[in-house]
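As a plain string of letters, each chain reads:
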Amino acid sequence: LKRAAQLAPVPCRWNSGLPMNIGVLFVPQQEAWVVERMGKFHRILEPGLNFLIPLLDRIRYVQSLKEIVINVPEQSAVTLDNVTLQIDGVLYLRVMDPYKASYGVEDPEYAVTQLAQTTMRSELGKLSLDRVFRERESLNASIVDAINQASDCWGIRCLRYEIKDIHVPPRVKESMQMQVEAERRKRATVLESEGTRESAINVAEGQKQAQILASEAEKAEQINKAAGREANAMLVKARAKAEAIQLLAAALAQQHGNAAASLSVAEQYVNAFSKIAKDSNTVLLPANTGDVTNMVAQALGIYTTLTKPQAVKTQDEIPPAHEDSHSSATEVLKAEQGSSS
């Protein structure tokens, strides 16, 4: 049995086979050959030409220094909210120390695979179902850290761990689909309502601006029309007043013009007394209301004083019969006073 055990082939990991010692060996690039001399570790052959002693030296392990890809079998795990998942992954690792990888563990591939599975179940138990799908990157990083802490004494370093597929139970999958559909309907309804609100606001703003602009235009139009009408009216009034003044001046400049002006003032005075106490009960009268002659004389005196400078300038043009016209106007007023009394 001992002889058979000694002649049994040594398990070969990550290599195509153990080479025979013929004294002169050529080691390929990215491979490390572990050599034992008389059953004890001797050295690790570097890539290139190497010399060994036949029968005494034996190539015990051949380790590949390339990055190795290992498929982690599908396994079941329970999340924090008691949902059973079927999950598998891919493990990427590399041999950093051929000595530890050869003598630190019997089967590094199997050890790393089992460690990845147990770590995966442990990490999934800390997360709910929704967080498992959202935090896949953090989950992968946690598994890599846990594997590196345990595999440091094996001379192996885990570079990456990627989750391939996550399978959920059919009923849970249907519930998730219903939840997604409900969420999408909710977002569609919210977006539609927001669009309606924005549309209503825009329409209201447009109507408001249109009304403001229309009112401003109407206001400007009314102002322009009013300004035009008032300007035209003022011009017409001014022209009429100027023509009336010219006619009045021409009439006063004629013979007996002052007498006619005196007669007009007397008539206006008498007409003013006919409207007393019609608009209000309060009446203010001068002290000499009954003396019409004196009142008319005062009015004529004021008129004479105002027209005196002009009379001086046009002294040569005024006829000498001014006193007679003034006396005749006084007589006419007295006659009217007598007839009225």
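Residues numbered from 1 in each chain as written. Predicted model: local features only at pLDDT ≥ 70, side-chain atom pairs only at ≥ 80, totals over all residues. Heavy atoms only, no water.

Looking only at helices and strands, the protein chain features nine helices and eight strands. Split into buried and exposed, the 341 residues of the protein chain put 24% on the buried side. In the protein chain, the proportion of contacts linking residues at least 24 apart, taken out of those at least 6 apart, comes to 67%. Carbon and sulfur atoms make up 56% of the accessible area of the protein chain, which totals about 23900 Å². (Helix = DSSP H or I, 4+ residues; strand = E, 2+ residues; numbered from the N terminus. Buried < 20%, exposed > 50% of the residue type's maximum accessible area, 1.4 Å probe, protein only. Contact = heavy atoms within 4.5 Å. Areas by Shrake-Rupley, 256 points an atom, 1.4 Å probe, with all protein chains shown as cover.)

The next thing to look at is the packing of helix H3 (residues 108–124) against helix H5 (residues 136–151). Their axes nearest at 9 Å, the elements H3 and H5 cross at an angle of 135°. As summarised for this structure, H3 and H5 are arranged oblique, according to the angle between their axes. When the axes of H3 and H5 are compared, the crossing they make is right-handed. Across from Val 112, Leu 115, Ala 116, Thr 119, Met 120, Glu 123 and Leu 124 in H3, the residues of H5 making contact are Leu 139, Ser 142, Ile 143, Ala 146, Ile 147 and Ala 150. Class assignment of the residues belonging to the contact of H3 with H5 gives a composition of 10 nonpolar, two polar and one charged. (Axes fitted to C-alpha atoms, helices over the stretch in contact; angles between N-to-C directions. Parallel < 35°, antiparallel > 145°, perpendicular 65-115°, else oblique. Left-handed = near helix turned anticlockwise from the far one by under 90°. Nonpolar A, V, L, I, M, F, W, Y, C, P; charged D, E, K, R; others polar.)

What follows concerns the sheet that holds strand S6 (residues 67–78). Reading across the sheet, the three strands line up as S6-S7-S8 and stay open at both edges, with antiparallel pairing between neighbours. Bordering the open sheet on either side are S6 and strand S8 (156–167), each of which pairs with just one other strand. This sheet shows a mean twist of 20° between the axes of neighbouring strands, independent of strand direction. Both strand S7 (residues 84–95) and S8 contribute to a ladder of 10 bridges, which runs antiparallel. Following the sheet pairing, Ile 87 is matched in S8 by Ile 166. Sheet strands touched by H3: S6, S7 and S8. Its angle to S6, the strand with the most contacts, is close to 40°. Relative to S8, H5 is tilted by about 140°, and along the sheet it contacts S7 and S8. (Pairing = 2+ DSSP bridges.)

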